Each structure stands twice: as C-alpha cells, then as structure tokens.
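# Structural overview
The chain contents come next:
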Amino acid sequence: MEGTVFAPALDGMKHVKSEQGEMLTKPFLDVCKMILPIIDKFGAAMALVKSDIGGNISRLESKYQSNPSKYEHLYSMVKEEVEAKTAKSSSSCTNGLLWLTRAMDFLVELFRNLLAHPDWAMSQACTDSYGKTLKKWHGWLASSSFTVAMKLAPDRKKFMEVITGSGDIAADMEKFCSDFPPFLEENHKFLASVGLDGLKAS
C-alpha cells in the first residue's frame, strides 16, 4: 500500500468543494468512506460507529444517485427536506448528514488525542474523544453501549503499526485533523442555520 491509510482521504479532500466553494455531495461522502478502512482496524470496539457511519453514507448516497445533478451539492437534500418538513424524521438525509458529521467529529478528536497524548491507552483516547463529541447527543442506552465497546479497543501500538503502511503516519494524521474539520464545521453551521444542529438521538 502506497502511503498511510490516510493518503486516499487526504487526496479526496481536494475535490470536496466546487470552484464556487460549495460542498459537493459525492466527493464529501467519498472522503468519509475512505475513513472506514481506518475504523475497521479498531475491530469490535468501533463496530457500532462503523455501521452507523456506513448506514448514513448509504442513505445520503442513494438519495444522491436518485438524481445526481439535482443533488450535486450536499445541502440541496437538506433544503428540500426542510421545505417538505421531513428533515427531523429519523430516516431523513438531514439526520443522516448530522450524525455522519458528528461521527467524523469524534474520529478527528480521537486522532488528535493519539497525536497529542502518546502515553494514553487507546481506550482512554476513545473515551475522551467520545466525551468531547458524541456523548452529549446520545441517550443513556447509546452511551452505555459505547462505553462497553471502548473496553474492546485495540492495543495502541498494534493499531498504529497496522495503519502506518509506508509513509509518515503522524504527519498524515495531523494533516487530516487540520484539513477535514473545516468541512465538518461548515456542515454544522449549515445545519444550525436551518435549526437542525441540535437534534438528539431518538
């Protein structure tokens, strides 16, 4: 494998925005998809997160594929649902985008922790990131399943070896943590502008 597991996502990020600076649906979802192999390396600890992310990507993707030119811009689906008053439904694309963005916030925070705290065990890095990102949106049930899952977190050293490939993993991870969050930030801002950034898990 050329480069680290982050290499495809770093490359993909160059295409997320149109020349006019608008978020494009497919390139954004593609970058999120490129993160899935990294989550795979966490094994059972992240099974829940992975199926959640995968499900939300599929939901947005099938909507996009139903009419690629109409849904070329990521927020077009949300605007349509807001007008139809279906945005708050748990099966809406708006909800999919919101939870996909939050899950990505969690992963960015986790990678930041791995960079900033070389002495932390993987479970500590995961739990801390969870507390800073997803926890406030989760109900008791989701929260407790997450806590249980984190006990299955892989050995940190093994995990880092697995994701390194050929290349400088710390540099790539750092670049991912600086280049990807602005997109997530923009999603939150947009969702907040239509009053939908604060939805909690049902």
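Residue numbers restart at each chain and count upward from 1, following the sequence in its written direction. Side-chain atom pairs in this predicted model are given and counted only at pLDDT of 80 or more, local residue features only at pLDDT of at least 70, and totals for whole chains, interfaces and linings cover all residues. With hydrogens and water stripped out, all remaining heavy atoms of the structure feed into the side-chain values.

## Regarding the side chain of Thr94
Where helices and strands are cited, they refer to DSSP runs of H or I of at least four residues and of E of at least two residues respectively, numbered from the N terminus. For Thr94, the location among the structural elements is in helix α5 (residues 93-116). Residue Thr94 is classed as buried on the basis of its relative accessible area of 1%. Whether two residues are in contact is decided by their heavy atoms, any of which lying within 4.5 Å being enough. The contact partners of Thr94, leaving out residues within four places of it in the chain, are Val78, Glu81, Ala87, Leu191 and Leu196. With a 1.4 Å probe rolled over the protein chains alone, any residue whose accessible area is under 20% of its type maximum counts as buried; one over 50% counts as exposed, and the rest are partly exposed.

## Some remarks on the pattern of salt bridges
Whenever a carboxyl oxygen of Asp or Glu lies within 4 Å of a side-chain nitrogen of Lys or Arg, that contact is scored as a salt bridge. Applying the stated criterion across every chain, the model contains twelve salt bridges. Of the charged contacts, one joins Lys70 and Glu80 as a salt bridge, the two residues approaching to 2.7 Å between their closest N and O atoms. Of this pair, Lys70 sits in the loop between α3 (47-66) and α4 (74-84) while Glu80 sits in helix α4, placing them ten residues apart in sequence. For Lys70, a relative accessible area of 45% puts it in the partly exposed group. Residue classification places Glu80 among the partly exposed residues on the basis of a relative accessible area of 24%. Across the pair Asp128 and Lys132 runs a salt bridge whose closest N-O atoms are separated by 2.8 Å. Residue Asp128 and its partner Lys132 are located together in helix α6 (residues 122-132), separated by four residues, close to a single helical turn. Accessibility expressed as a relative area gives 25% for Asp128, which makes it partly exposed. Taking the relative accessible area as the measure of exposure, Lys132 reaches 44% and is therefore partly exposed.

## Examining the packing of aromatic side chains
Side-chain rings of Phe, Tyr and Trp (the six-membered ring for Trp) are treated as a pair once their centres are within 6.5 Å; stacked means planes under 30 degrees apart, edge-to-face means over 60, and tilted covers the remaining angles. Tallied over the entire structure, the rule returns ten aromatic pairs. Aromatic pair Phe6 and Phe176: ring centres 5.4 Å apart, planes at 45 degrees, arrangement tilted. Taken together, the positions of Phe6 in the segment before α1 (7-12) and Phe176 in helix α9 (residues 169-179) put the pair 170 residues apart, joining distant regions of the chain. Here Phe6 and Phe176 have matching classes, each one buried. When the ring of Phe106 is compared with that of Phe146, the centres are 5.4 Å apart and the planes differ by 85 degrees; the resulting orientation is edge-to-face. Taken together, the residues Phe106 in helix α5 and Phe146 in helix α7 (residues 140-150) connect sequence positions 40 residues apart. An aromatic cluster is built from Phe6, Phe28, Phe111, Phe176, Phe180 and Phe183, whose rings are joined through pairwise contacts.

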